[in-house]
Each structure stands twice: as structure tokens, then as C-alpha cells.
Amino acid sequence: MKELLVNLGENSYNIEIEKGLIKDVPKRIRKVFNGEKIFIITDKNVDKYYGDIVLNSLKEDGFIVEKYAINPGEESKSFNTLPEVYEKLLDFKLTRKDLIITLGGGVVGDLGGFVASTFLRGVSFIQIPTSLLSQVDSSVGGKVGVDLPRGKNLVGSFYQPKRVLIDPNVLNTLDEKFYKDGMGEVIKYGCIRDKDLFNLLNSLNTREEVMEHIEDIIYTCCNIKRIIVERDEKDLGERMILNFGHTLGHAIEKYYGFSEFTHGEGVAIGMYLITKLSENKGLVKKEFSEDIKNILVRYGLPFEVELADKDAIIETISLDKKNMGSRLKVIIMKEIGNAEIYDTTVDFFR
Ligand SMILES: NC(=O)c1ccc[n+]([C@@H]2O[C@H](COP(=O)([O-])OP(=O)(O)OC[C@H]3O[C@@H](n4cnc5c(N)ncnc54)[C@H](O)[C@@H]3O)[C@@H](O)[C@H]2O)c1
Ligand SMILES: [Zn+2]
């Protein structure tokens, strides 16, 4: 077992990473919860594989438990999904002394965490992330929220879980598409903070080989995110480093209507293109974009896109909610394992 403490004062919590943990949830819950009622929020895919395992083990341990499965997919991470979940919590008579568990990918974690942060002004919650992306990224750091018709993540809060329980074995049922998506973020961690991780990833040839090292890989990613989040919980500065590849990535995802590229694919292209741009501008040594390209190819991720309408993509960037005025902060990679914030303008991308 691997364990990490995210040190955020009174909002501190532990992350446990262990293969097979999904079958052994109750005793880990008892470490941080002494009430008796638990409500599990999941989605219909994850429910099919793991819903009853978690539900039944908790019941056998004496908890009063109910679960609710939303439809899978980003469409469910919507403001409109909230009332039906609140209704179920009211029917179950959940109180502020009880517990919510989010069992699923980033959609369930973000929506369920937001429900936990708002229902009765806040109920404790525990994350059991089941997608690679949620295990290395979204379950750590306390950003919870939902989408509005006009954009992603426009309503939300900072609300830390009481614990994060990660079972890498559940990744065996994850579709290849979502596996690759998560690997985009894993590669990002290597690029921004950890050359050893980057080199390890470069030495693995198959998903099976990755799974042999998966506990270490997840631990390393969570640890990088932990350090950054501890220094900048509310995302006012350094946390931005985690956005390497994301400015261009988001714009590409959006420009293509969120259907052509997954998030991880957008980030992959973003990481390569911004590194190439940084090289062309003489900001970094000319060599690393080739390394990024090669590792992306190794993991079946794209590195380039037909920028048929480059101006439209740049326009998309300048409309991004994070951009203040014409100034724009981008993340550039100086060398593998070392990224920094660079203050520029949208023209950087021209
Ligand atoms: N809060 C944050 O800091 C943060 C960070 C990054 C991303 N996010 C958010 O995360 C979301 C994306 O997360 P995601 O990629 O996990 O998407 P997701 O939750 O939709 O999961 C991807 C798919 O995999 C399925 N799935 C999950 N675990 C499975 C398993 N073990 N076996 C089989 N199928 C499984 C899901 O049902 C879904 O169909 C986005 O909404 C994004 O905004 C949040
Ligand atoms: Zn991301």
C-alpha cells in the first residue's frame, strides 16, 4: 500500500493507493467516519462493475447505505443533474453527520463532490476515483463543480474530501479510449515535474507493462499534484503549472466541438505545440518537442492537428474565462521535468 498526506491544515486528508482496495473499503472509511449512513454517487458504467461490491461490503460492515447511478458522460456533469441527486439524498434523509462516497471518474467526482459541498451546506465526502484521469488528477485538490450550457466548470467550489481511496486494479475495465486520455495527463506530470517518470514511461511498451508499474505511477502523479496544491490550494498562482498543454488543448477541444478530440488528446497536442512554439521563439533549447512527440506516439496520442483555422483557435483562447485582458499566462517546459509560468499575450500563439 502507498499512502500520501495532503497537508491543507484542517482540510488535510490521506490518499491510499492499493491494488484490490475496492473490496476492502469499510475499514478505510471507519478511519475518518464514525456515523452510520452513507450515500454512494456513481455512474451506470462504474455501477455495473463496482457498485454492488462497495455497497454490499459497507452494508455487511453495519452501515446503512444507498447508491444512485447517473448516466455516464460529461453531459451528466450538468447543473440540471443536481436536483435529481438532491432529491435522492432527501429521500434517504441524509444529514450533515453522514457521508457521501463518489465512486467513478472525474464526472462523478466533480458532480458528487459539488453535491457534497452544497447539500445541507456541506456533508463529508470520500472519493473513490475509478478512471485513470480521476486517479491521477481530478480526485486530488478539492476542485468540484458542474458545467453550465455556456461552458465547462462554471459553477463549483473548493471542497476537500476526507479521504481518497485508489484501487489501480479497477483500471482493467476502463476503455482504451479513456486509458489513453488519462495517459495524456500522466505524461504531463513527467513533463512539468519529473524526468524519472518521463523516462519510466518511455521504457514501457504496452498497457500491461504500464499496469505493472501503475501503483508507483499513480503515487508519483498524486504526489506532484499534492505538492502544488499544498502551496496554492485556491489556484491563484503555482497551481497553473498543472495547465501545461491545456490552453491550446482546451481551445482545440472546443474548436472541434468537443467531439473530435478527448481532453487528453487536446492536452497532448497542446503540450507538443507549445513546446515547438517555445523552441521557435528561442525560449527553450531546441530538442524537447521531439521527445514529447515520441512519447505521445508511444501512447497512441496525437501531437499535431490541422490548424485549418488558426485565427479561430486563437480567438477561442482569448475568450477563455481564465484570460485577464490581453495578458496571458502560459506554461512552458524548459526541459523534461521542469516547467514554468510565462507571462505573455495571445499573440504568443500567432
Ligand atoms: N476536479 C479537477 O481538478 C479536475 C481535473 C481534471 C479533470 N476534471 C474533470 O474530470 C472529468 C473527466 O473525468 P474522466 O475522464 O474520468 O471522465 P468520466 O468520469 O466520464 O469517465 C470516463 C468514462 O469511463 C467510465 N469509467 C470510469 N471508471 C471506469 C472503470 N474503472 N471501468 C470501466 N469504466 C469506467 C465512465 O463511466 C465514463 O464512461 C471532466 O469533467 C473534467 O472537467 C476535473
Ligand atoms: Zn487536464
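Please refer to the structure higher up on the page.
Residues numbered from 1 in each chain as written. Chains lettered and ligands numbered in written order. Predicted model: local features only at pLDDT ≥ 70, side-chain atom pairs only at ≥ 80, totals over all residues. Heavy atoms only, no water.

As for the sheet that holds strand β1 (residues 2–6)
- Taking strand neighbours across the sheet as the criterion, the 7 strands line up as β1-β2-β9-β6-β5-β3-β4 in an open arrangement whose pairing is mixed. The open sheet has two free edges, formed respectively by β1 and β4 (64–70), since each of these has just one partner strand. Within this sheet the neighbouring strands show an average axis-to-axis angle of 15 degrees, counted without direction.
- Pairing between strand β6 (residues 124–129) and strand β9 (residues 163–166): 2 bridges, direction parallel. Each bridged residue has a counterpart across the sheet, and for Q127 the counterpart in β9 is V164.
- On the sheet, helix α2 (residues 44–60) packs against β3 (37–43), β4 and β5 (99–104) and is oriented at approximately 175 degrees with respect to β4.
- The strands touched by helix α9 (residues 214–231) are β1, β2 (13–17) and β9; relative to β1, the strand with the most contacts, the crossing angle is about 10 degrees. (Pairing = 2+ DSSP bridges. Helix = DSSP H or I, 4+ residues; strand = E, 2+ residues; numbered from the N terminus. Axes fitted to C-alpha atoms, helices over the stretch in contact; angles between N-to-C directions. Contact = heavy atoms within 4.5 Å.)

Quick notes on unusual backbone geometry
- A positive phi angle, near 55 degrees, is found at N153, a position not held by glycine.
- When you line up the elements, N153 lands in strand β8 (residues 151–158).
- The phi angle at F258 is positive, at roughly 55 degrees, despite the residue not being glycine.

Points about the site of ligand 1
- The immediate surroundings of ligand 1 are formed by 25 residues, with D43, E74, G106, S131 and T173 found nearest.
- Note that an oxygen atom of ligand 1 is positioned 2.7 Å from one of the side-chain N or O atoms of D43.
- Between K77 and ligand 1, the recorded distance is 2.9 Å, taken from a side-chain N or O atom to an oxygen atom.
- Burial of ligand 1 by the protein amounts to 88% of the accessible area it has alone, namely 870 Å².
- Tallied by class, the residues present in the shell around ligand 1 amount to 9 nonpolar, 8 polar and 8 charged. (Near = heavy atom within 4 Å. Polar contact = N/O pair within 3.5 Å; in protein donor to acceptor, adjacent residues only side chain to side chain. Areas by Shrake-Rupley, 256 points an atom, 1.4 Å probe, with all protein chains shown as cover. Nonpolar A, V, L, I, M, F, W, Y, C, P; charged D, E, K, R; others polar.)

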